[in-house]
Amino acid sequence: MTTAVVRLAQDVVRVEAADRVAIVTLNRPEARNALSPALVEALWQAMVGLGERDDIGAVVLTGAHPAFCSGADLKVLREATGRAWLRRLVDERRGLLLPDIGLPVVAAVNGPAVTGGLELALQCDFIVASDRARFAETHARIGIMSAGSIASLLPEAIGIRRARQLSFTGEFIDSRTALAWGLVNDVVPHDSLVPRAVDIAAQMALNDRKAVAFMRTTYQLTTHDTDVKRRDLEVGRFAEWLRSSEVPSVHGR
């Protein structure tokens, strides 16, 4: 087996590829893989590049220890340049952190997936979690409005009442609760997480690439109109929030 490793934007994202499966790793462990402008752009470009490769059939997205992703880097958002970047992200990409590259993407959640990190996981096709994973939707706790489809993707995964519970309280749930609620597809021992996710990705990558892409699009079309309306509503609400408030100091993640 041969493995190619690509490092992007000062190593904030690592890409490894072998046997038609790519592993994309968020690599800001000192910041718990918080979403900075450099990381978000490197992730986007890495995914676009993978979508253009004929030798890749599926992608696994994970984070460098100890977290999957702690959400947006609030140190950046306190600055005017950070607010401008966030506004551009919402205006130009409608809050999407991952481009649609026509390939299935498995989130391998190895630790906390919080706020923007939860949004990132939800934007993948499905989620496999370590038994150390934890999930939280803390926008209300830190005083910021979501623009990454939390209001549509989270209720779709766990139901509207549980989604409201997570959003209004900011509470954390463990991986077993996430499995029981339908947020994740599987929970595995921590050391088995990436091998399990790669195994699932490999099974998909062995299938006919065109057929898998066509099936993904079919699934997307079943909810397309609703998803677009919900995303537009959430982005509009974010713009309204941005006009009327300032990004607050961090109360905690």
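As the structure is a computational prediction, the values presented were derived from the model and not from experiment. (Residues numbered from 1 in each chain as written. Predicted model: local features only at pLDDT ≥ 70, side-chain atom pairs only at ≥ 80, totals over all residues. Heavy atoms only, no water.)

Asks: Mind showing me how you'd approach the overall build of the protein chain here?
Replies: Scanning the protein chain from N- to C-terminus turns up 11 helices and 10 strands. In summary, the protein chain has a C-alpha radius of gyration of 17 Å against a globular reference of 18 Å for 253 residues, a match within 12%. Seen along its three principal axes, the alpha-carbon backbone of the protein chain occupies a region of about 55 × 40 × 35 Å. In the protein chain, once contacts between residues fewer than 6 apart in sequence are set aside, the share between residues at least 24 apart is 72%. When the accessible surface of the protein chain is split by element, carbon and sulfur atoms take 53% of a total near 12000 Å². Side chains of the protein chain give 30 positive and 30 negative charges; the mean places of these two sets differ by 4 Å. (Helix = DSSP H or I, 4+ residues; strand = E, 2+ residues; numbered from the N terminus. Rg over C-alpha atoms; globule rule 2.2 N^0.38 Å. Contact = heavy atoms within 4.5 Å. Areas by Shrake-Rupley, 256 points an atom, 1.4 Å probe, with all protein chains shown as cover. Lys, Arg positive; Asp, Glu negative; His and termini not counted. Charge placed at Lys NZ, Arg CZ, Asp CG, Glu CD.)

Asks: Mind showing me how you'd approach the pairing of strand β3 (residues 21-26) here?
Replies: Side chains on a regular strand alternate between the two faces of the sheet. Of all six residues making up β3, six are buried, and the element is well covered by its neighbours. Residue alternation in β3 divides its side chains into two sets, V21, I23 and T25 and A22, V24 and L26, and both sets are buried. For strand β2 (residues 13-18) and β3, the ladder comprises six bridges, and the chain directions are antiparallel. The residue of β3 that forms the bridge with V13 is L26. From the end of β2 to the start of β3, which pair antiparallel, there are two residues, and D19 there has a positive phi angle of about 50 degrees. Bridge count for β3 against strand β4 (residues 58-63) is six bridges, and the pairing is parallel. (Buried < 20%, exposed > 50% of the residue type's maximum accessible area, 1.4 Å probe, protein only. Pairing = 2+ DSSP bridges.)

Asks: How do you make sense of the confidence of the model for the protein chain when you look at a structure like this?
Replies: Per-residue pLDDT for the protein chain has a mean of 90; in total, 93% of the residues score no lower than 70. Note that residues 247-253 has pLDDT below 50 and, in this model, 20 contacts with residues that lie over four places away or in other chains. (pLDDT = per-residue confidence, 0-100.)

Asks: Any chance you could explain helix α11 (residues 224-244) here in plain terms?
Replies: Structurally, the α-helix is built with 3.6 residues per turn, so residues lying three or four positions apart point the same way. In this model α11 runs 30 Å from its N-terminal to its C-terminal C-alpha over 21 residues, within 8% of the 30 Å that 1.5 Å per residue would give. When we look at burial in α11, the residues that qualify are D227, R231, E234, V235, F238, W241 and L242. The buried residues of α11 occupy one face: seen down the axis, they fall within an arc of 120 degrees. Every exposed residue of α11 that faces more than 90 degrees away from the buried side is listed here: D225, K229, L233, R243 and S244. Contacts made by the buried residues of α11 are with α3 (80-93), α4 (116-122) and α6 (150-158). (Expected span 1.5 Å × (residues − 1). Arc of directions from axis to C-beta.)

Asks: Even after reading the chapter, I still don't get the packing of α3 against α11, so can you show me in this structure?
Replies: Packing of α3 against α11 brings their axes to within 11 Å, and their N-to-C directions diverge by 160 degrees. It follows that α3 is roughly antiparallel to α11 by the angle criterion. Crossing geometry of α3 relative to α11 is assigned as left-handed. Between α3, through R83, L86, R87 and V90, and α11, the contact on the second element is made entirely by V235, F238 and L242. Here the contact of α3 with α11 is composed, by residue class, of five nonpolar, no polar and two charged. (Axes fitted to C-alpha atoms, helices over the stretch in contact; angles between N-to-C directions. Parallel < 35°, antiparallel > 145°, perpendicular 65-115°, else oblique. Left-handed = near helix turned anticlockwise from the far one by under 90°. Nonpolar A, V, L, I, M, F, W, Y, C, P; charged D, E, K, R; others polar.)

Asks: Any chance you could explain the sheet that holds strand β6 (residues 112-114) here in plain terms?
Replies: Pairing between sheet strands relies on hydrogen bonds along the backbone, with the strands arranged either parallel or antiparallel. On the basis of which strands lie adjacent, the open sheet formed by three strands has the order β6-β8-β9 and mixed pairing. What marks the edges here is a single partner per strand, and that holds for β6 and β9 (172-174). Pairwise comparison of adjacent strand axes, ignoring direction, gives a mean angle of 20 degrees for this sheet. With three bridges connecting them, strand β8 (residues 134-136) and β9 associate as antiparallel partners. Note that in β9 the partner of R134 across the bridge is D174.

Asks: What exactly am I supposed to notice about helix α10 (residues 209-222) here?
Replies: For α10, which comprises 14 residues, the first-to-last C-alpha distance of 20 Å matches the rise-based estimate of 20 Å (1.5 Å per residue) to within 8%. Residue D208 occupies the N-cap position of α10, its side-chain oxygen lying 3.2 Å from the main-chain nitrogen of K210. (Polar contact = N/O pair within 3.5 Å; in protein donor to acceptor, adjacent residues only side chain to side chain.)

Asks: Looking at this structure, I do not really get the pattern of salt bridges. What am I missing?
Replies: Once their charged atoms are close, side chains differing in charge can pair, the charge on each being opposite to the other. Counted according to the given criterion, the structure contains 10 salt bridges. Note that D186 is salt-bridged to R196, the shortest N-O span being 3.4 Å. One end of the pair, D186, is in strand β10 (residues 186-188); the other, R196, is in helix α9 (residues 193-205), and 10 residues separate them in sequence. Looking at D186, the relative accessible area reads 23%, which means it is partly exposed. Ionic pairing is found between R237 and E240, a salt bridge with its closest N-O pair at 3.6 Å. (Salt bridge = Lys/Arg side-chain N within 4 Å of Asp/Glu carboxyl O.)

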